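Survey of secondary and tertiary structure
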Amino acid sequence: MDQQTYAFLSQPGVGFFSLIIIGIIAGWVAERVTASNHGLLTNLLVGVAGAFIGDKLAGVLNVPVHGFFRTLIAAIGGAIILLWVWRAIRSR
């Protein structure tokens, strides 16, 4: 992969289709943990956004996130944080 692709995906070692799979799984797990009820597309969006949030949070904590499983764990954590913040904002 070239440097531009790395910048777009923000996850070295994880391709576009892997990021989609990670997003669906992370969104589904976050949905179950937070007792939410979303559809497949919302789970995908929450999971992919959670992957970016988890990656940035791992960068702040100096935890390397490379590969499928570490990205999945970071995405699940980021998706849970995202849904928690969303609920806190909506409940106001």
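Scope of this entry: the structure provided in the associated data block. Owing to the predicted nature of the structure, the values given are computational and were not obtained by experimental measurement.

**Considering the side chain of glutamate 31**
One can find glutamate 31 in helix 2 (residues 16-33). The buried charged residue glutamate 31 lacks any salt bridge partner; its closest oppositely charged side chain belongs to arginine 32, at an N-O distance of 4.1 Å. Beyond its immediate chain neighbours, meaning those up to four positions away, glutamate 31 contacts Ser36, Asn37, His38, Asn43 and Leu83.

**Looking at the packing of helix 2 against helix 4 (residues 68-90)**
Running from N to C, helix 2 and helix 4 cross one another at 45 degrees; their axes reach a closest spacing of 8 Å. Here helix 2 is positioned oblique relative to helix 4, judged by the angle of their axes. Of the two elements, helix 2 crosses helix 4, and the hand of that crossing is right-handed. Taken together, the residues of helix 4 that come into contact with helix 2 (itself represented by Ser18, Ile21, Ile22, Ile25, Ala26, Val29, Ala30, Glu31 and Val33) are Phe68, Thr71, Leu72, Ala75, Ile76, Ala79, Ile80 and Leu83. Tallied by class, residues from the contact of helix 2 with helix 4 come to 14 nonpolar, two polar and one charged.

The rules behind the values
Residues numbered from 1 in each chain as written. Predicted model: local features only at pLDDT ≥ 70, side-chain atom pairs only at ≥ 80, totals over all residues. Heavy atoms only, no water. Helix = DSSP H or I, 4+ residues; strand = E, 2+ residues; numbered from the N terminus. Buried < 20%, exposed > 50% of the residue type's maximum accessible area, 1.4 Å probe, protein only. Lys, Arg positive; Asp, Glu negative; His and termini not counted. Salt bridge = Lys/Arg side-chain N within 4 Å of Asp/Glu carboxyl O. Contact = heavy atoms within 4.5 Å. Axes fitted to C-alpha atoms, helices over the stretch in contact; angles between N-to-C directions. Parallel < 35°, antiparallel > 145°, perpendicular 65-115°, else oblique. Left-handed = near helix turned anticlockwise from the far one by under 90°. Nonpolar A, V, L, I, M, F, W, Y, C, P; charged D, E, K, R; others polar.

Everything listed is a geometric property; what it means functionally is a separate question.
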